[in-house]
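Analysis of the macromolecular model
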Amino acid sequence: MQIPKYVQELMSRSRFALGPVHEKASPGYTIWIEKATPYTTADTLRAECERLCRWAKRNYADAEILCCPAETRHRAQRALVTVTDPCMKYMEKYISDFGN
């Protein structure tokens with residue numbers, strides 16, 4: 001499976017969500033995605049996550065945004081997203097804390 005550059009970039013600033021973070025969250029498939037910079041808007045973060053979900057669904061995976069900030073704060077903010085296999089199988093190598 002070929003992973004688009006925008007997905008690779010999103011995964012480079014994401015981390016696995018560990019512990020109970022959301023009732024729909026599943027271990028190993030739920031990730032926190034950080035804003036690109038503190039000055040990125042919340043709408044931009046949501047749009048990036050929605051694009052990721054659309055791509056995953058086109059590739060036969062289930063994907064959903066579980067939590068995303070509604071208001072922009074000029075600090076670190078993140079969205080909680082869940083993606084299933086087969087996409088997560090190929091995306092997880094781009095997550096910066098995977099295997100470390």
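Our subject in this report is the structure included herewith. Note that the coordinates shown come from a computational prediction; the quantities given were computed from them, not determined experimentally.

The next point concerns the pairing of strand S2 (residues 30-34). Most of S2 sits inside the fold, with four of its five residues counted as buried. Bridging between strand S1 (residues 14-16) and S2 involves three bridges; their strand directions are antiparallel. Pairing of Arg15 across the sheet is with Trp32, part of S2.

Here the focus is the sheet that holds strand S3 (residues 63-67). Spatial ordering of the open sheet is given by S1-S2-S4-S3, a layout of four strands whose pairing is antiparallel. The outermost strands of the open sheet, each flanked by one partner alone, are S1 and S3. Along the sheet, successive strands turn relative to each other by an average axial angle of 30°, direction set aside. Two strands pair when backbone bridges link them, and S2 and strand S4 (residues 78-83) are joined in this way by five bridges, in the antiparallel orientation.

One pass over the full model with this rule turns up four salt bridges. The shortest N-O distance in the salt bridge between Arg13 and Glu48 comes to 2.9 Å. One end of the pair, Arg13, is in the loop between helix H1 (5-12) and S1; the other, Glu48, is in helix H2 (residues 42-58), with 35 residues separating them in the sequence. Between Glu71 and Arg73 there is a salt bridge whose closest N-O contact spans 2.8 Å. Members of the salt-bridge network, linked through shared partners, are Glu9, Arg13 and Glu48.

Take unusual backbone geometry next. The amide bond that connects Asp85 to the next residue, Pro86, takes the cis arrangement and shows omega of 10°. Relative to the helices and strands, Pro86 resides in the loop between S4 and helix H3 (87-91).

What follows is about the side chain of Gln77. With respect to the secondary-structure elements, Gln77 resides in the loop between S3 and S4. Beyond its immediate stretch of four places on either side in the chain, Gln77 contacts Ile33, Glu34, Lys35, Leu45, Pro69, Glu71 and Thr72.

Right, let's get into H2. Between its first and last C-alpha, H2 extends 24 Å over 17 residues, near the 24 Å set by a 1.5 Å rise per residue. Within H2, burial applies to Ala42, Leu45, Cys49, Leu52, Cys53, Trp55 and Ala56. In an axial view of H2, the angular spread of the buried residues amounts to 165°, which keeps them on one side of the axis. Residues of H2 that are exposed and point more than 90 degrees away from the buried face comprise Asp43, Lys57 and Arg58. Of the surrounding elements, those touching the buried residues of H2 are H1, S2, S3, S4 and H3. Tyr60 sits one or two residues past H2 and shows a positive phi near 65°.

Quick look at the packing of H1 against H2 now. Orientation of H1 relative to H2, taken along the N-to-C sense of each, is 120°, at an axis distance of 11 Å. It follows that H1 is oblique to H2 by the angle criterion. Note on packing geometry: the crossing formed by H1 with H2 is left-handed. Along the contact surface, H1 presents Tyr6, Val7, Leu10 and Met11, while H2 presents Glu48, Arg51, Leu52, Trp55 and Arg58. The residue makeup of the contact of H1 with H2, split by class, is six nonpolar, no polar and three charged.

Scoring rules and cut-offs
- Residues numbered from 1 in each chain as written.
- Predicted model: local features only at pLDDT ≥ 70, side-chain atom pairs only at ≥ 80, totals over all residues.
- Heavy atoms only, no water.
- Buried < 20%, exposed > 50% of the residue type's maximum accessible area, 1.4 Å probe, protein only.
- Helix = DSSP H or I, 4+ residues; strand = E, 2+ residues; numbered from the N terminus.
- Pairing = 2+ DSSP bridges.
- Axes fitted to C-alpha atoms, helices over the stretch in contact; angles between N-to-C directions.
- Salt bridge = Lys/Arg side-chain N within 4 Å of Asp/Glu carboxyl O.
- Contact = heavy atoms within 4.5 Å.
- Expected span 1.5 Å × (residues − 1).
- Arc of directions from axis to C-beta.
- Parallel < 35°, antiparallel > 145°, perpendicular 65-115°, else oblique.
- Left-handed = near helix turned anticlockwise from the far one by under 90°.
- Nonpolar A, V, L, I, M, F, W, Y, C, P; charged D, E, K, R; others polar.

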